[in-house]
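Now for the letters of each chain:
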Number of protein chains: 2
Amino acid sequence: MKRTLIIVAHGSRRQASNDEISELAKKVMKFANGNYDEVMCAYLEIASPSIPQAIEQCIDNNANSEELEITILPYFLAAGRHVTEDIPHEVDRVSRPLNNVNICIKPHIGSAENMAETILAISR
Amino acid sequence: MKRTLIIVAHGSRRQASNDEISELAKKVMKFANGNYDEVMCAYLEIASPSIPQAIEQCIDNNANSEELEITILPYFLAAGRHVTEDIPHEVDRVSRPLNNVNICIKPHIGSAENMAETILAISR
């Protein structure tokens, strides 16, 4: 089985903000320690790839794999409409057949257990 | 010296999203372990308190302290215009005298050292 993590950010008109996400995806891949074969990023709005584009790319990349597990991580701080409605809606827009592809949407990053500690660490 | 941390979020029309931030502020206060006497939240747009309102409230709360240190933590994932321009601009709008008040703006949460590990932990 192949495992891909797609970090989904909002997307910005500022290229530097989008680049910050792709740099982060590279860093996550470095730390992934065999948990993922691939870490990609996608954007809900404005920037590309969109969520369906990233998922389709991932399915194409793994066309020869027997099974593919795609984990979607909403890189959003609050569980607003983007997280609760828009991201699942975008996932549903994927046009490739999903045989042997399992797509799972995780909680948004703002709900991470260690967010309070992270705030304290960066504010020191 | 008194120390206050103000977590600055974007602010949402969805009350639940704003509540998520105030809950987080309470959690940060619990873990603060003496690093802060007070943890507040403020919103850049839409919700209240605004950044100047929160800072002014904090200065009023600590009117009897000899010295006050206010740490502003931009709770934003990317260093876009909100972080680089709008938050400093809002801090400058404070109308109280700043004698013995030191205000320091920290890097945005998205630049936290452990963000890659946090992504991996929540996506498991």
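The structure under discussion appears in the preceding block.
Thresholds applied
- Residues numbered from 1 in each chain as written.
- Chains lettered and ligands numbered in written order.
- Predicted model: local features only at pLDDT ≥ 70, side-chain atom pairs only at ≥ 80, totals over all residues.
- Heavy atoms only, no water.
- Buried < 20%, exposed > 50% of the residue type's maximum accessible area, 1.4 Å probe, protein only.
- Helix = DSSP H or I, 4+ residues; strand = E, 2+ residues; numbered from the N terminus.
- Pairing = 2+ DSSP bridges.
- Axes fitted to C-alpha atoms, helices over the stretch in contact; angles between N-to-C directions.
- Contact = heavy atoms within 4.5 Å.
- Buried area = accessible area lost by both parts, 1.4 Å probe.
- Salt bridge = Lys/Arg side-chain N within 4 Å of Asp/Glu carboxyl O.
- Polar contact = N/O pair within 3.5 Å; in protein donor to acceptor, adjacent residues only side chain to side chain.
- Nonpolar A, V, L, I, M, F, W, Y, C, P; charged D, E, K, R; others polar.
- Least-squares fit on C-alpha atoms with pLDDT ≥ 70 in both.

Q: Whenever I open this one, the pairing of strand β3 (residues 68-74) of chain B confuses me. Can you help?
A: Every other side chain in a regular strand lies on the same face of the sheet, so the side chains alternate between the two faces. Residues and elements named next belong to chain B. Counting buried residues in β3 gives six out of seven residues, a clear majority hidden from the surface. Two elements, strand β1 (residues 2-9) and β3, share seven bridges in a ladder whose sense is parallel. Bridge pairing in β3 places Lys2 opposite Leu68. Bridge count between β3 and strand β4 (residues 101-105): five bridges; the pairing is parallel. Bridge pairing in β4 links Leu68 to Val101.

Q: I tried to follow the sheet that holds strand β2 (residues 38-43) of chain B on my own but got confused; where do I start?
A: The strands making up a sheet associate through hydrogen bonds between their backbones, and the pairing can be parallel or antiparallel. Residue and element names in this part refer to chain B. Spatially, four strands are ordered β2-β1-β3-β4 in an open sheet, and the strand pairing comes out parallel. The open sheet has two free edges, formed respectively by β2 and β4, since each of these has just one partner strand. Averaged over all pairs of adjacent strands, the angle between strand axes in this sheet comes to 20°, irrespective of strand direction. Where β1 lies against β2, six bridges are found, and the strand directions are parallel. Looking at β2, one finds that Val8 is bridged to Ala42. In this fold helix α3 (residues 81-92) packs onto β1, β3 and β4, with an angle of close to 150° to the strand it touches most, β3.

Q: Help me understand the environment of Ala42 of chain B in this model?
A: Residues and elements named next belong to chain B. Counting through the fold element by element, Ala42 comes out in strand β2. Between the C-alpha atom of Ala42 and that of Ala54, which follows or precedes it by twelve residues, the distance is 6.0 Å. Among residues more than four places away in sequence, those in contact with Ala42 are Ile6, Ile7, Val8, Ala9, Pro49, Ser50, Ile51 and Ala54.

Q: I'm lost on the interface of chain B and chain A in this one. Help?
A: Accessible area lost on assembly of the parts is the figure often given for the size of an interface. Taken together, the contact pairs 40 residues of chain B with 40 residues of chain A. Carbon and sulfur atoms make up 65% of the surface buried where chain B meets chain A, a total of about 3,400 Å² over both sides. It is Leu77, Ile119 and Ile122 of chain B in chain B that bury the most area against chain A; as a group they hold 19% of the surface buried on that side. Applying the counting rule to chain B against chain A returns zero salt bridges. Between chain B and chain A we count 14 residue pairs in polar contact (both at pLDDT 80 or more) in total. Looking at the side of chain B that touches chain A, the elements with two or more residues in it are β1, α1 (15-31), β3, α3 and α4 (115-122) of chain B. Among the elements that take part in the side of chain B that touches chain A, α4 of chain B stands out by supplying seven residues, more than any other. The residue makeup of the side of chain B that touches chain A, split by class, is 21 nonpolar, eleven polar and eight charged.

Q: Help me understand the relation of the copies chain B and chain A in this model?
A: Mapping one chain copy onto the other needs a rotation about an axis and a shift along that axis. Overlay of chain B on chain A (RMSD 0.0 Å): rotation 180°, translation along the axis 0.0 Å. One copy is carried onto the other by what is essentially a two-fold rotation axis. Scanning chain B for the C-alpha nearest the rotation axis identifies Leu77 of chain B, at a separation of 3.8 Å. Of the residues that chain B buries at the interface, 100% are likewise interface residues in chain A, meaning the two copies contact each other through the same surface.

Q: Is there a simple way to explain the sheet that holds strand β3 (residues 68-74) of chain A in this structure?
A: Residue and element names in this part refer to chain A. The strand order across the open sheet formed by four strands is β2-β1-β3-β4, and the pairing between neighbours is parallel. Of all strands in the sheet, those with a lone pairing partner are β2 (38-43) and β4 (101-105), marking the two edges. Between one strand and the next, the sheet's axes are offset by a mean angle of 20°, whatever the strand orientation. Docked against the sheet, helix α1 (residues 15-31) engages β1 (2-9) and β2, running at close to 160° with respect to β2.

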